[in-house]
Amino acid sequence: MFFFRSYFLKPYSILIFCFLLSVNFFIPIQTLFSEPNKEVLISSNNAKFDQNLGIILLNENVILKLNNLTFKSDEMKLFFDNSDAIDDNFSNLKKIIAKGNVLFEREKETIKSDLVSFSPKENKITITGNVKVVKGKNVGFTSDLLEINLKNEFLN
Amino acid sequence: MIMIFFVSTNSDFETTSLVETKDFNIGSEGDFFLVDNAKLSGSNKLGNSFNIKAYKINQINNKLPIISGSKITGDINISSKIHIQIKAKIAEINTKSNVLKLFGGFQIINEKYKLIGKEIFFDLKKNTITSDQPLTFLFSKGEIQGGKLQIINSENKENDLLFLINDGVKIKYLL
């Protein structure tokens with residue numbers, strides 16, 4: 001108590017305290033210590049994007065890489081938040097949908113399917129249509145629907 | 001004194017290549033011109049227009065339809081509501097075909113992205129923008145690299161642009 005009282009009696013200490021308070025207000029501590037941003041790399045033969053709708057459609061030999069995940073497909077759509085704000089067209093990737101001969105590879109796991117939907121915000125992957133999971137050389141199973149939560153590594 | 005004159009070979013382009021300058025030189029035989037610190041502007045019935053400042057402009061091969069300019073900055077309106085800013089080392093304006101070519105390194109700046117490349121064509125008659133050279137879109141969270149580009153007006157919406165990228169696409173995006 002005495003320490004606090006004597007500390008705040010000094011004018012420069014009050015200034016430092018106010019500065020630290022304002023720094024924490026404008027730059028939350030959480031962001032200072034959070035993970036660095038993840039980079040998605042996508043390549044394809046062709047692409048078409050609609051500026052107003054905020055949709056990029058990629059065709060032929062589409063490959064997406066994110067950390068240890070690789071998606072390969074015939075077609076891929078990137079959906080951005082359709083915001084009217086200036087500079088906001090490509091600032092918020094909402095969803096990625098891969099369609100046609102989709103191959104999802106992760107370490108020793110390979111999943112084939114017709115369609116994969118990936119939501120970067122929720123860190124969730126939904127795999128549908130003729131899902132075939134192969135782990136290692138001989139272990140595997142088939143399903144119609146598979147959900148992977150990348151945050152908690154849940155398989156549903 | 002500021003001099004203003006028109007360079008036009010096509011009736012569709014009502015005020016094509018209006019040139020404003022303080023310095024105008026005509027060759028001794030009258031078939032050559034060179035303009036320093038010029039402003040070029042043009043507009044057509046479709047609502048397309050351009051307004052370009054050039055350090056120097058001159059004819060190419062002493063023929064009037066093609067005017068060349070160096071150190072280019074300016075604005076282009078593609079349709080009435082789509083507005084872009086341009087920067088380029090060299091520009092060529094063909095007043096007959098209404099094609100503006102930027103080359104030797106260009107930048108197109110929009111409020112949403114910046115497009116950089118080596119060469120690009122604005123066909124103000126057909127309302128298209130094309131490039132056969134590799135180019136890069138830069139935006140706040142990443143970039144898109146493409147081999148060839150064609151920008152056309154969307155059939156669904158009047159003021160919507162469709163970007164068609166061919167010959168290889170690479171996207172880098174920061175989540």
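Note that the coordinates shown come from a computational prediction; the quantities given were computed from them, not determined experimentally.

### Some remarks on the overall build of chain A
Thought 1: Along chain A, the regular secondary structure elements total 3 helices and 9 strands.
Thought 2: Taken from the N to the C terminus, the helices and strands of chain A come in the order α-α-α-β-β-β-β-β-β-β-β-β.
Thought 3: When burial is assessed residue by residue, chain A has 21% of its 156 residues classed as buried.

### Concerning the overall build of chain B
Thought 1: Tallying secondary structure elements over chain B gives 0 helices and 13 strands in all.
Thought 2: Listed N to C, the secondary structure of chain B is β-β-β-β-β-β-β-β-β-β-β-β-β in terms of helices and strands.
Thought 3: Relative to its full complement of 175 residues, chain B shows a buried share of 29%.

### Section: the environment of Glu143 of chain B
Thought 1: Position of Glu143 of chain B relative to the elements: it lies in strand β12 (residues 142–153).
Thought 2: Here the alpha-carbon distance between Glu143 of chain B and Lys172 of chain B, two residues 29 residues apart in the chain, equals 5.4 Å.

### A word on the confidence of the model for chain A
Thought 1: Confidence along chain A averages 78 in pLDDT terms, with 67% of residues attaining 70 or more.
Thought 2: With pLDDT under 50 throughout, residues 20–35 of chain A is counted as low confidence; its partners more than four residues away or in other chains account for 2 contacts.

### Quick notes on the interface of chain A and chain B
Thought 1: Listed by partner, the interface residues are 24 residues for chain A and 22 residues for chain B.
Thought 2: Of all elements in the fold, only β1 (39–44) and β2 (46–50) of chain A reach the threshold of two or more residues within the side of chain A that touches chain B.
Thought 3: Among the elements that take part in the side of chain A that touches chain B, β1 of chain A stands out by supplying 6 residues, more than any other.
Thought 4: Counted by class, the side of chain A that touches chain B contains 10 nonpolar, 9 polar and 5 charged residues.
Thought 5: Sheet topology places β2 of chain A next to strand β13 (residues 161–174) of chain B; 4 bridges connect them, and they run antiparallel. From the neighbouring strand, Asp50 of chain A faces β13 of chain B, where its bridge partner is Leu162 of chain B.

### Some points on the pairing of strand β4 (residues 69–80) of chain A
Residue and element names in this part refer to chain A.
Thought 1: Here strand β3 (residues 55–66) runs beside β4; their pairing, made up of 10 bridges, is antiparallel. Looking at the pairing, Ile63 lines up with Lys72 of β4.
Thought 2: Sheet topology note: the β4/strand β5 (residues 93–106) ladder contains 10 bridges and is antiparallel. Bridge pairing links Lys77 to Ile97 in β5.

About the thresholds
- Residues numbered from 1 in each chain as written.
- Chains lettered and ligands numbered in written order.
- Predicted model: local features only at pLDDT ≥ 70, side-chain atom pairs only at ≥ 80, totals over all residues.
- Helix = DSSP H or I, 4+ residues; strand = E, 2+ residues; numbered from the N terminus.
- Buried ≥ 20, exposed ≤ 12 C-beta atoms within 10 Å, placed from the backbone.
- pLDDT = per-residue confidence, 0-100.
- Contact = placed C-beta atoms within 7 Å.
- Nonpolar A, V, L, I, M, F, W, Y, C, P; charged D, E, K, R; others polar.
- Pairing = 2+ DSSP bridges.

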